[in-house]
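# Coordinates in review
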Amino acid sequence: MANERAAQGGPVRVRMDGQDRMERIVSLAKRRGFIFPSSEIYGGINGFWDYGPLGVELKRNIKDAWWHDTVRCPPPGPDGKPIEMVGLDCSIIMNPKVWEASGHLAGFTDPRIDCKQCKARFREDQLLRPFLKVLTSLPESGQMFDAMNLVTSDPPQTIPVLVDQPNREELQSVVRQFLNSKRAKVIERPQAPPVMGSAFFVVDGQKVFFLGLDLAGTVQAGELCPLCRGELTEARDFSLMLATNIGAMQDSASTAYLRPETAQGIFANYRNVLDTSRLKIPFGIAQIGKAFRNEINPRNYTFRSREFEQMEIEFFCHPSDADTWYEYWRDSRFQWYVQHGLKSDKLRLRNHEEDELAHYAASCADIEYEFPFGTSELEGIANRTDFDLKQHQEASDRDLTYFDDETKERYIPHVIEPSGGVDRAALAFLCEAYDEDEAPDDKGVMRKRTVLRFHPRFAPIKVAVFPLVRKDGMPEKARAIYARVRASLASFYDEKGAVGRRYRRQDEAGTPFCITVDGQTLEDRTVTVRDRDSLAQERIAADEVLDYVRGRL
């Protein structure tokens, strides 16, 4: 099959080992100028990232597409009528009273615990408190025994599990069911408590042990670190707000905060927008902007960072219509990701259970994506009820009600909030686009190829223009085409190296189309267009390049 595809000039997909997929993506992102560690020449700074020439174009394309699709041209509402949406760009530093009213100053904390020996830092709710318990002797074949401790109940309960000739593979399967995680392991005679995120069944002689995770109660000083068995400190509140000072004096009166979310700026400006825009409910206010959180442990590349960018909508509606609008935004936001390339089974929509909901939310759903490091949230859609406007109305003593001229009804609107991360979206599209295959080189020999199969709308470079060789007037013709195209589309000109290597460089950048000027161009003014995904090539008139590419974007 590979030879047949090679003869046809098409790519042959290469199977990749999922374990090192993330490492390859990170390497490509650095090598091709998508993402750099911040302040790298000084050793970097944890939780902060810089976007290079291609990365900044990718992020800009995502933001532009989101803004166009939700603010300028949003889809029709559930009633088929156009949706009213306007934008804001609020300041990063706001009056600290905003964060008092929203509850961030009082409640936006994570209890932290430090290890006195290895200096590791843990969130209290994620710290594993290991215990070892003998469950039973190994049973006879086909017998039932209690193989799982549910440590979240008090007292702990057991679930009977049928095991036929128990072995490590079967026990591992039980652990995975318990944790709903592929990270679970089965080991014999562990030398130390489990690493965070793991749990173990231990087979030792004729006994089966469960090394579980005691999530009940609080961690006490003197307990052991799960990484090095060092002594742990007591839990201390750790503010996720990043503080700064404004003005000449640095004291408590000058303390301000970098916003941890963009939503509160919208709520604080709700009355201004309502009075100046003459909007009628239902309507939305959208914002794209930076936010900052003092994460205890930034991790998973750019996914959990201390500085990040949000794309957020606060949609104001009548309380009786809130459920309808919540379902509308939940479903339409999920489809937006599908339409832009996240079409695999790695994308999913998960509705929150009742015990997961925030205290202000009537309902919530997460759009999740299975990254190489695990499944995590891309965007959350929540019905925040009237909580935020009520809080700010009470704290500011300003009227934030809405008066309906037609029904003569006055009320505080309910709010539906689709809130997504620009950086998380960029990472998801990067992971989904990354691929490796084999494609024929200039001599027909199959070579490994790394390619980013971005949706054309998100591709940092839309079209690259090459002269086949740097002579016979080809560079001049190519530069003329490049000058016309770059006025409308993100373009790139390259005349260095063999044309095959230039194609591969553009494949790694995710460029959908490459235009090559060759000897035939000088005769009939046609050029070769090469498609990134299929590798198909066709000749078109040089004057039609811009229309050709636009028609396929």
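Scroll up a little and you will see the structure.
Quick caveat, the model's predicted, so the values are computed rather than measured. (Residues numbered from 1 in each chain as written. Predicted model: local features only at pLDDT ≥ 70, side-chain atom pairs only at ≥ 80, totals over all residues. Heavy atoms only, no water.)

### Description of the pattern of salt bridges
Applying the stated criterion across every chain yields a total of 35 salt bridges. Residue D275 is joined to R271 by a salt bridge in which the shortest nitrogen-to-oxygen separation is 3.3 Å. In this pair, D275 and R271 both sit in helix α8 (residues 270–277), four residues apart, roughly one turn of the helix. (Salt bridge = Lys/Arg side-chain N within 4 Å of Asp/Glu carboxyl O. Helix = DSSP H or I, 4+ residues; strand = E, 2+ residues; numbered from the N terminus.)

### Regarding helix α2 (residues 21–31)
Three or more residues of α2 are buried, namely R21, M22, I25, L28 and A29. Taken around the axis of α2, the buried residues stretch over an arc of 130°, which confines them to a single face. Tucked into the core, α2 has its buried residues touching β2 (35–37), α11 (422–433), β24 (434–440), β25 (446–452) and α13 (499–509). Trailing α2 by a residue or two, G33 shows a phi angle of about 85°, which is positive. (Buried < 20%, exposed > 50% of the residue type's maximum accessible area, 1.4 Å probe, protein only. Arc of directions from axis to C-beta. Contact = heavy atoms within 4.5 Å.)

### Describing the nonpolar core
Within the largest apolar cluster, 55 residues are counted, with the highest numbers of intra-cluster contacts made by I62, F315, W329, Y337 and I416. Looking at this core, the elements that each hand over two or more residues are α2, α3 (53–72), β16 (283–292), β17 (307–317), α9 (322–339), β19 (363–371), β20 (374–385) and α11. Among the elements that make up this core, the one with the highest residue count is α11 (nine residues). Setting aside anything within four residues of it in sequence, one finds W329 in contact with I83, M85, I313, F315, I381, I416 and P418. In terms of nonpolar packing, the next biggest core, distinct from the first, is built from 20 residues, V465, A478, Y493 and V529 among them. (Core = buried A, V, L, I, M, F, W, Y, C linked by side-chain atoms within 4.5 Å.)

### A word on α11
For α11, which comprises 12 residues, the first-to-last C-alpha distance of 16 Å matches the rise-based estimate of 16 Å (1.5 Å per residue) to within 8%. Extensive coverage of α11 is indicated by the burial of 11 of its 12 residues. All buried positions along α11 are accounted for by V422, D423, R424, A425, A426, L427, A428, F429, L430, C431 and A433. (Expected span 1.5 Å × (residues − 1).)

### Let's talk about the packing of aromatic side chains
Under the counting rule described, the total for this entry stands at 24 aromatic pairs. A ring pair is formed by F466 and Y503, whose centres lie 5.7 Å apart and whose planes are at 50°; its orientation type is tilted. Taken together, the positions of F466 in strand β26 (residues 463–467) and Y503 in helix α13 put the pair 37 residues apart, joining distant regions of the chain. Here F466 falls in the buried class, since its relative accessible area comes to 0%. Here the aromatic residues F267, Y270, F283 and F316 are joined through ring pairs into a cluster of three or more. The side chain of R384 reaches across the aromatic face of Y360, ending 4.3 Å from its centre. It is R424 that lies over the ring of F303; its NZ or CZ is 3.8 Å from the centre. (Phe/Tyr/Trp six-rings, centres within 6.5 Å; stacked < 30°, edge-to-face > 60°. Lys NZ or Arg CZ within 6 Å of the ring centre and 35° of its normal.)

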